[in-house]
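Residue-level structure breakdown
Residue strings, one per chain:
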Amino acid sequence: MRRRFLFLLAVLSLSGCDWGQYHFVNSIPLPKGGPPDVYVYIGLDGIAHSSAQEAVNRGAFAAPDWKLAKFVTMFPGTSDASWSRLMHSKPIEGYEYEYYDPRDDSIHNTGIVGILKHVMPPFSHDGGPEPGYYKAFDWRGEGYFHGINGYGDTFASAYESLDEMFVALEGQSRFRSDFTAYMFETDMLGHSEPDQGHITRFLVRLSERIEVLKRRHPDQNFHITIMSDHGLDFVPIIPKEAVIFEDEMDKVGIEPVTSLNGSHSKRLFAVTIRHVRVTYMDLRTIPSLVEEVAQTAALIPAVDVTVARVAAPTASDPALTQTEWFSIWTKDAAGTTSQKVLTFGFDKNTNRYLFAPGSDTSRFGITLPAATGGLSTYSAYSDADLFQASKASNYPDLFFRVRTSLSAISVQFPSDILVSLKEGYPSMGNALLGGIKDVARSGFHGALTARGTLGLLLTNERAVPDTVRSDNLLEMFPRLKQRIVNRGVELFPGDAYATGAGM
Amino acid sequence: MCRNEDIVPNMLILRTVFLMSFSLGTALALAQEASPLPAAPSETVAAAAKPRVEQPTKRLNTQGFYPLWESTGYVQPEKELFASTIGVQYGFENEGHVGVMPVSYLYRTPNFYVKHRLMTDPNNRWQLAVQANLYYVLRGAARSLFSPVYTSRLDNSDFGFVMLPVALAGSYALKNWWLLHGTFTAMGIFGGGMQNGVESGLSLVSEFRAFESQSLLLHLGEVGFWSHDFWYTGVSYRYRSDSFEFRLGYFYRTFVLGTQSGPMISVGFLL
């Protein structure tokens, strides 16, 4: 008993080091004034473009000072992978904390272990299990219990974070001309609140607080950019409960497994990554089964489409040696059969996408633009043209996003088959202790479709087009890039062909 | 829980904590038998009208808890070494003590302080002292927090500076279970990227004693006055036996643009 007491005392005392210093340094009076121009970058997790548009409609972030753009984020729309891609930080292993490692053919951070990593506070700047992008932010938390508070009482935690972030921003802007911050509660607000009104009001408050900051420091120009890592569909769960995807796989004849090399009772099998409640699934299987599993999984009622890499249609064609090929599967209207609805290639030499003559993209609401040439028997389309053609569809930037989702960009071990679920049919995910995660019932993200994809990009720093590809954030905002480098983030290359479209 | 975002959640928590703390503290104090004052000089001394503290109790509250802006009127008794995480101090001649804040050294802030008793009420109701601290905040100290979930509004990545707060602190025993500690501080700040000058602050701590060894303390402070910077408030618990002290508290710091909050803890031993 005495030993336990002493242990508890030691833990508290060590924690208390930062507690005391936090109060100490923040109680030191600051000098007046500061650099004339301050560049501020605020990352708000999971805020949809529609929420930002609604806030603008209510008078927040008024034009012409502010510009709002649709921010086309990666597929699958999941926070850790997307922030890693935005910030060009060290790729995480999979799309979530829970991931499949092909080197040892096993799933890591399964169940509650992976979930708890979301709320585990880091005890040092360079250690711990956190993804590298966190290091990009000057402000990213308000204490050891920030994660628990954020999931436990999201509403209160969001405003508390807003409070603390502005104290740090106002203070640090006396000394430096740049500041970065990240808040995660906005994502949980979207998952849990019955409508997007709470998020809209939060954005209105943020806008008001920015105006107060400007009024208090008329001698300083605050150039502020706000971005999010994915959208939110605001479609509550349509069936009684979220989808247990493994059960659904079993029904269509795919055995859910935890490793690929073990014995399997069915001919088709795949590893599934469960983790959190999102509208996508990450499946791994052996190369010879990829196409068949992708086509079969598309039969699952909750599935919108499945995507996977495929072999070149005419593998012997020497013109296609520098190409990669991708297919999309979906089911028919009756839901009884599934088929490959589109196959396209990507020519690395020319940064152009290849489609067979007669390829039908109407399923996605996309009309192919005029071809800019061809390769072998295929018509070629520029990345920029396809971005323009697809940006307003329900599958924005479809071809780039499908291609890069299956590449090792911001993730070390990309999926074999990515499943995009229908809105309203999220995967169940793992529950936190006490069922806290079960509050996520009102809106989701992850799928290929627009609502969960389109985040926000709000800025008064520069002009932006109406739709921006999120991969190009650092190229568009070089001061942000410089700041995160100064903060010690090691930059990793993104997709080599991302620039040029949507920036 | 109230779901109106127009109400700052911190303020709701704050009011609740204050109301509960006052109620609890008063109830605890009234529920117990009167206990001797912590700072009482001996009756002999009082009778002789000599305002000199001979052998004060070892349970004196000789340190402020909230950093920089709080102190008390009491000093460490002669030849006592009290080592706590918020200050290691040694008493001399019953007139004062000298010390350092050890944890601040871990955060690149060498420091030293001296406190001297100025006056003691012959009736043992109050005591007045002056304290001067000297800090050299080394380059990068403000960013030396171990965990990135704690952030400083100060960024001295490329400069160091000196702080010299001089505080006039008094403690007054309204009842044998109720003490008030007030501190007026003038803080000189010099060098580096800081603005050379003097900032001032005032703090008030209401200490409710219970069961002889335990106290509930309510903290309130203002920094900046006419050039208002922030005000703070908080509540803390203090346990003190003859040889051991433990403190745990929670503080809010409110600026015009926002609020910071967090717990504080300290552990100390009388050696």
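The rules behind the values
Just so you know, the residues in each chain are numbered from 1, in the order the chain's sequence is written. To label them, take the chains in the order written and letter them from A, then take the ligands in the order written and number them from 1. It should be noted that, the model being predicted, local features are given only for residues of pLDDT at least 70 and side-chain atom pairs only at 80 or more, the latter also being counted only at that level, while totals for whole chains, interfaces and linings use all residues. With hydrogens and water excluded, all non-hydrogen atoms of the structure serve as input to the side-chain values. Per the convention used, a helix needs a DSSP run of H or I reaching at least four residues, while a strand needs a run of E reaching at least two, with both numbered from the N terminus. Radius of gyration: over C-alpha atoms. The globule rule applied is 2.2 Å multiplied by the number of residues raised to the 0.38 power. Here's how the labels work: a residue is buried when its accessible area is under 20% of the maximum for its type, exposed when over 50%, partly exposed in between, all with a 1.4 Å probe on protein chains only. In this analysis, two residues are considered to be in contact whenever any of their non-hydrogen atoms come within 4.5 Å of each other. Methods summary: accessible areas were calculated by the Shrake-Rupley approach with a probe of 1.4 Å, and residue burial reflects only the protein chains presented. The sign given to each residue is positive for Lys and Arg and negative for Asp and Glu; His and the chain ends receive no count. Note that the charge is assigned to NZ on lysines, CZ on arginines, CG on aspartates and CD on glutamates. For this document, the term salt bridge refers to a Lys or Arg side-chain nitrogen within 4 Å of an Asp or Glu carboxyl oxygen. Buried area is understood as the total, over both parts, of accessible area removed when two parts are fitted together, assessed with a 1.4 Å probe. Think of a polar contact as two N or O atoms within 3.5 Å of one another; within protein, one of them needs to be a possible hydrogen donor and the other a possible acceptor, and neighboring residues in sequence only count if both atoms come from side chains. pLDDT measures how confident the predictor is about each residue, on a scale from 0 to 100. For two strands to count as paired, DSSP must find a minimum of two bridges between them. To get an axis, fit a line to the C-alpha atoms, keeping to the stretch in contact for a helix; angles then go from 0 to 180 degrees between the N-to-C directions. Directions pointing from the helix axis toward each C-beta atom define the arc. Between the rings of Phe, Tyr and Trp (Trp by its six-membered ring), a pair exists once the centres lie within 6.5 Å; its type follows the angle of the planes, with under 30 degrees stacked, over 60 edge-to-face, and the other angles tilted. We call a charge positioned above a ring when the Lys NZ or Arg CZ atom is no farther than 6 Å from the ring centre and deviates by at most 35 degrees from the ring normal. Nonpolar cores are built from buried Ala, Val, Leu, Ile, Met, Phe, Trp, Tyr and Cys residues. Side-chain atoms within 4.5 Å join them into one set. Here the term patch refers to residues with relative accessible area over 30% and no salt bridge, with like charges joined within 9 Å and nonpolar side chains (Val, Leu, Ile, Met, Phe, Trp, Tyr) within 5 Å.

So, about the overall build of chain A. For chain A, the count of helices and strands is 15 helices and 18 strands. Its C-alpha radius of gyration of 23 Å places chain A within 12% of the 23 Å reference for a compact globule of 503 residues. By principal-axis analysis of the C-alpha atoms, chain A measures approximately 70 × 60 × 40 Å. Burial analysis of chain A (503 residues in total) assigns 62% to the buried set. For chain A, long-range pairs separated by at least 24 residues make up 74% of all intrachain contacts whose partners lie at least 6 apart in sequence. Accessible area of chain A: about 17900 Å², with a carbon and sulfur share of 54%. Across chain A, the mean location of the 47 positive side-chain charges is 3 Å away from that of the 58 negative side-chain charges.

This next bit is on the overall build of chain B. Helices and strands together make up the secondary structure of chain B, namely three helices and 12 strands. Per element, the accessible surface of chain B, about 11200 Å² overall, is 65% carbon and sulfur.

What follows is about the pattern of salt bridges. All chains considered together, the criterion is met by 33 salt bridges over all chains. The salt bridge involving R309 of chain A is made with E324 of chain A; its shortest N-O contact spans 3.4 Å. Remark: E324 of chain A occurs in strand 11 (residues 323-331) and R309 of chain A occurs in strand 10 (residues 303-310); sequence separation between them is 15 residues. E324 of chain A gets classed as buried once you look at its relative accessible area, which sits at 16%. Across the pair E324 of chain A and K348 of chain A runs a salt bridge whose closest N-O atoms are separated by 3.7 Å. A residue pair is termed long-range when its members are at least 10 positions apart, and E324 of chain A in strand 11 and K348 of chain A in the loop between strand 12 (338-347) and strand 13 (352-355) qualify at 24 residues. The structure contains a network of salt bridges with shared partners spanning D138, R176, D178, R483 and R487 of chain A together with D155 of chain B.

With that settled, the discussion passes to the interface of chain A and chain B. Across the contact, 56 residues belong to chain A and 61 residues belong to chain B. Of the roughly 5600 Å² buried between chain A and chain B on both sides combined, carbon and sulfur atoms contribute 61%. Contact with chain B buries surface across chain A, with H23, F24 and P29 of chain A losing the most and accounting together for 13% of the total. Counting across the interface, chain A meets chain B through one salt bridge. The partner of D155 of chain B in a salt bridge is R176 of chain A, and the shortest N-O contact between them spans 2.4 Å. Counting the contacts that link chain A with chain B gives 22 residue pairs in polar contact (both at pLDDT 80 or more). Of all the elements in the fold, those that place two or more residues in the side of chain A that touches chain B are helix 1 (2-26), helix 6 (154-172) and helix 8 (197-216) of chain A. For the side of chain A that touches chain B, the leading source of residues is helix 1 of chain A, giving 14 residues.

The next point concerns the confidence of the model for chain B. All names here are of chain B. Summing up the model confidence of chain B, the mean pLDDT is 82 and the portion of residues at 70 or higher is 79%. Note that pLDDT drops below 50 for residues 1-36; the model gives that stretch 56 contacts with residues more than four away or on any other chain. Below a pLDDT of 50 lies the segment residues 38-56, which in the model reaches 31 contacts outside its immediate sequence neighbourhood of four places, other chains included. Confidence estimates for the predicted assembly give a pTM of 0.89 and an ipTM of 0.86.

Another point: the sheet that holds strand 8 (residues 197-210) of chain B. Residue and element names in this part refer to chain B. Ordered in space as 1-2-3-4-5-6-7-8-9-10-11-12, the 12 strands form a closed barrel in which the pairing is antiparallel. For this sheet, the mean angle separating the axes of adjacent strands, direction not counted, is 20 degrees. The pairing of strand 1 (residues 81-84) with strand 2 (residues 87-92) spans four bridges and is antiparallel. Paired with A83 across the two strands is V88, which belongs to strand 2.

Okay, helix 9 (residues 245-252) of chain A next. All names here are of chain A. Within helix 9, the full set of buried residues consists of F245, E246, E248 and M249. Looking down the long axis of helix 9, one finds its buried residues gathered within 160 degrees of arc, a one-sided arrangement. Buried residues along helix 9 sit against strand 7 (254-257), strand 8 (268-273), strand 9 (280-284), strand 10 and strand 16 (417-421).

Moving on, we come to the side chain of S420 of chain A. All names here are of chain A. By the secondary structure assignment, S420 is in strand 16. The class of S420 is buried, set by a relative accessible area of 0%. Excluding its chain neighbours within four sequence positions, the residues that come into contact with S420 are F75, T279, V303, D304, V305, A447 and L448.

All names here are of chain A. Overall, the coordinates contain 42 aromatic pairs over all chains when judged by the stated rule. Linked through ring pairs, F326, F344, F346, Y353, F355, Y381, F399 and Y497 together constitute an aromatic cluster. In this structure, R469 packs its charged tip against the face of F400, placed 3.6 Å from the ring centre. Above the face of the Y39 ring, R479 is positioned so that its terminal group lies 3.9 Å from the ring centre.

What follows is about the pairing of strand 10 (residues 230-240) of chain B. Residues and elements named next belong to chain B. The buried fraction of strand 10 is high, at eight of 11 residues. Taken together, the 10 bridges between strand 9 (residues 214-223) and strand 10 define a ladder with antiparallel strand orientation. The residue of strand 10 that forms the bridge with V223 is F230. Between the end of strand 9 and the start of strand 10, which pair antiparallel, lie six residues, with G224 showing a positive phi angle near 110 degrees. With 10 bridges joining them, strand 10 and strand 11 (residues 244-254) adopt antiparallel strand pairing. Counterpart to G234 in the pairing with strand 11 is F251.

In this section: the nonpolar core. Residues and elements named next belong to chain A. By size, the foremost hydrophobic cluster in this structure holds 39 residues, and its most contacted members are F61, M165, F166, L203, L206 and I226. For this core, the secondary-structure elements that each account for two or more residues are strand 1 (37-44), helix 2 (49-57), helix 6, strand 5 (178-183), helix 8, strand 6 (221-227) and strand 17 (454-459). Sorting elements by how many residues they give to this core places helix 6 first, with eight residues. Excluding residues within four positions of it along the chain, M165 makes contact with I42, W139, F179, A181, M183 and L206.

To continue, consider a nonpolar patch on the surface. On the surface, L118, M119, W126, L168, Y172, L174, F184 and L202 of chain B cluster together into a nonpolar patch covering about 700 Å² of accessible area. Those elements giving two or more residues to the nonpolar patch turn out to be strand 4 (111-120) and strand 6 (161-175) of chain B.

Quick look at the environment of V303 of chain A now. Inspection of the secondary structure assignment puts V303 of chain A in strand 10. Setting aside residues up to four positions removed in sequence, V303 of chain A forms contacts with F245, A297, A298, K331, V419, S420, L421 and K422 of chain A.

Let's shift gears to the side chain of S203 of chain B. Residues and elements named next belong to chain B. Along the chain, S203 falls in strand 8. Of the residues examined, S203 reaches a relative accessible area of 3% and is grouped as buried. Within polar-contact distance, the side chain of S203 engages the backbone oxygen of W69 at 3.1 Å. Discounting chain neighbours no more than four positions away, the residues touching S203 are W69, E70, H181, G182, T183, L220, G221 and Y232.

The subject of this paragraph is helix 3 (residues 79-87) of chain A. Residue and element names in this part refer to chain A. Of all nine residues in helix 3, nine are buried, a share of seventy percent or more. Every buried residue of helix 3 is listed here: S79, D80, A81, S82, W83, S84, R85, L86 and M87. One or two positions beyond helix 3, positive phi appears at H88, with a value near 55 degrees.

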